Amino acid sequence: MNWLANLQGTRAITAAIGLGALSALALPPLYVLPVLFIAIPGLLALIGSATPRDAFWRGFWFGWGHQVLGLYWITEAIMFEVARFWWLLPIAVPALALVLGVFIGLPCWLAAKTKQGWPRVLVLAGGWTLMGMAQQFVATGFPWNPLGSVWEFPGVVGDMAIQPAAWISVHGLTLLTLLLAAAPAIGKRALGACLATLMLMLAWGAARIAEPALPGPNLTVVLVQGNVAQGQKRNREAYIAMFEQHLKLTETGVGLAVGQPTVVVWPETASPFLIDQDENARAAVAEAAGGPAFIGSLRYDENGHLRNSMIGVYGPGPVAGIFDKYHLVPFGEYVPDWLPLPIKILPGVGFAKGSGPKTLRLPGVPPAGALICYEAIFPGQVIDAADRPAWMVNITNDSWFGNSTGPRQHLAAVRMRAVEE
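Owing to the predicted nature of the structure, the values given are computational and were not obtained by experimental measurement. (Residues numbered from 1 in each chain as written. Predicted model: local features only at pLDDT ≥ 70, side-chain atom pairs only at ≥ 80, totals over all residues. Heavy atoms only, no water.)

Draft legend 1. Looking closely at the pattern of salt bridges. Enumeration according to the criterion identifies ten salt bridges in this entry. For aspartate 159, the salt bridge goes to arginine 415, with nearest N and O atoms at 2.6 Å. Within this pair, whereas aspartate 159 is found in helix α9 (residues 156-161), its partner arginine 415 is found in helix α14 (residues 405-420), the two being separated by 256 residues in sequence. Aspartate 159 gets classed as partly exposed once you look at its relative accessible area, which sits at 29%. On the basis of relative accessible area, arginine 415 is assigned to the partly exposed category, the value being 23%. With its nearest N and O atoms 2.7 Å apart, the salt bridge here joins arginine 417 to glutamate 420. (Salt bridge = Lys/Arg side-chain N within 4 Å of Asp/Glu carboxyl O. Helix = DSSP H or I, 4+ residues; strand = E, 2+ residues; numbered from the N terminus. Buried < 20%, exposed > 50% of the residue type's maximum accessible area, 1.4 Å probe, protein only.)

Printed below as a string of structure tokens:
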């Protein structure tokens with residue numbers, strides 16, 4: 001890595017971008033973890049002899065490369081509005097990555113002021129982790145793909161690796177990941193400590209998984225997924241056909257669980273009808289489900305504000321519960337008040353924000369923590385701590401992002417929230 005330390009100017013920036021992009025290969029759904037043992041020591045080498053100012057910019061461009069590759073899937077959503085927003089295609093992800101690059105640049109600036117070796121590694125790892133936590137709140141927050149998510153790979157080993165998040169959250173796993181990945185830059189003893197820590201981490205996870213499970217309710221969850229392309233939802237007739245398809249799938253799923261108590265779950269905005277107001281649509285759902293159901297639907301509140309909601313249905317009568325999405329997607333679901341430019345992307349004013357985490361209670365169903373799509377990426381902000389649920393239900397419409405890494409990264413985040421809580 002010595003040659004990296006000697007790079008200057010555009011060569012150093014190019015190397016930083018390349019190392020950042022390389023590190024993104026460790027993220028879901030690729031999980032090429034060994035690249036971190038190149039990327040993080042490489043970043044340390046780049047800031048090794050740099051001034052704090054140069055270290056900031058090298059860290060910034062490292063973060064830019066990391067985020068561009070990790071978030072490319074956002075462009076998929078723009079394609080559905082390409083006639084209006086074609087100009088966003090080449091700039092949306094690179095511009096977002098410029099903002100997020102600051103969250104890596106600042107820890108590198110601070111690390112450059114610190115003595116080389118473990119002090120510098122600790123400052124970089126600690127600063128990176130703290131900035132990741134800040135990323136959860138700054139400008140409404142966007143904590144997508146924290147580095148601790150590299151352990152979310154499917155299978156038994158992945159299940160073991162993410163169990164420490166129950167105590168230290170994904171942010172703690174980010175800190176641990178950076179310390180492990182930086183070990184090659186410290187020396188052979190550090191590599192030994194790295195291996196020992198990794199084995200301890202997996203042993204810890206294995207022990208937790210082996211604990212006897214608490215007795216759960218005799219309940220079958222029927223997940224209904226129509227697999228409808230986003231473009232079809234713009235056509236009213238196709239949207240109604242999708243509703244009928246979900247009814248048929250519901251009947252099939254409940255039929256497979258015959259003799260067992262069930263709860264039905266539909267995706268985000270799966271209903272073209274306002275379930276809380278449309279008695280006929282609600283009756284159709286109730287008949288198909290034959291019991292409790294959580295249905296994704298839009299609704300208008302008492303003030304006429306549009307909300308993205310999860311509606312609890314139990315029988316054809318009044319709704320059994322309502323949860324309104326509160327972590328709305330900037331520019332996708334609302335235009336932030338803090339934006340200094342008069343950009344109007346959404347028709348009307350977008351969605352109104354819900355009041356926060358909520359536990360829904362339907363007859364015959366354990367208390368459920370409701371989540372809609374994007375809000376599942378916010379550690380520590382997914383349940384009502386004063387009314388803790390027994391399980392969490394996250395409904396989403398990821399068809400916006402096609403067959404890309406986006407929906408897979410989303411699923412990985414949901415698994416992490418389940419372990420954390």
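Further notes follow.
Draft legend 2. Summary view of the packing of helix α4 (residues 52-70) against helix α7 (residues 92-112). Taken N-terminus to C-terminus, the directions of α4 and α7 make an angle of 140 degrees; their axes are 6 Å apart at the nearest point. Taken together, the axes of α4 and α7 lie oblique to each other. Considering only the axes of α4 and α7, their crossing is right-handed. When its residues are assigned to classes, the contact of α4 with α7 shows 19 nonpolar, five polar and one charged. (Axes fitted to C-alpha atoms, helices over the stretch in contact; angles between N-to-C directions. Parallel < 35°, antiparallel > 145°, perpendicular 65-115°, else oblique. Left-handed = near helix turned anticlockwise from the far one by under 90°. Nonpolar A, V, L, I, M, F, W, Y, C, P; charged D, E, K, R; others polar.)

Draft legend 3. Focus on the sheet that holds strand β3 (residues 293-300). The five strands lie next to each other as β1-β2-β3-β4-β5, forming an open sheet whose pairing is mixed. The open sheet has two edge strands, β1 (220-223) and β5 (321-324), and neither has a second partner. Sheet twist, expressed as the mean angle between neighbouring strand axes with direction ignored, is 30 degrees. Taken together, the four bridges between β1 and strand β2 (residues 262-265) define a ladder with parallel strand orientation. Bridging from a neighbouring strand, leucine 223 pairs with valine 265 of β2. (Pairing = 2+ DSSP bridges.)

Draft legend 4. Highlighting the sheet that holds strand β7 (residues 368-372). As summarised here, the arrangement of the three strands in space is β6-β7-β8, forming an open sheet in which the pairing is mixed. The sheet is open, and its two edges are formed by β6 (359-360) and β8 (391-395), each paired on a single side. Where β7 lies against β8, five bridges are found, and the strand directions are parallel. Pairing of isoleucine 372 across the sheet is with isoleucine 395, part of β8.

Draft legend 5. Broad picture of unusual backbone geometry. Cis geometry marks the peptide bond from proline 28 to proline 29, where omega comes out at 0 degrees. Within the secondary structure, proline 29 sits in the loop between α2 (9-23) and α3 (36-48). The residue tyrosine 31 is not glycine, and still its phi comes out positive at about 60 degrees. Secondary-structure assignment places tyrosine 31 in the loop between α2 and α3. Of note in the backbone geometry, asparagine 145 takes a positive phi value of approximately 55 degrees without being a glycine. Mapped onto the fold, asparagine 145 is located in the loop between α8 (118-134) and α9. According to the relative accessible area criterion, asparagine 145 is buried, its value standing at 9%.

Draft legend 6. Here's a closer look at α3. Over its 13 residues, α3 extends 18 Å from the first C-alpha to the last, a length consistent with the 18 Å expected when each residue adds 1.5 Å. Summarising burial for α3: eleven of the 13 residues are buried, a large majority. What α3 keeps buried is the set Leu36, Ala39, Ile40, Pro41, Gly42, Leu43, Leu44, Ala45, Leu46, Ile47 and Gly48. Buried residues along α3 sit against α1 (2-5), α2, α4, α7, α8 and α10 (165-182). (Expected span 1.5 Å × (residues − 1). Contact = heavy atoms within 4.5 Å.)

Remember, this is a structural readout, not a statement about activity or role.
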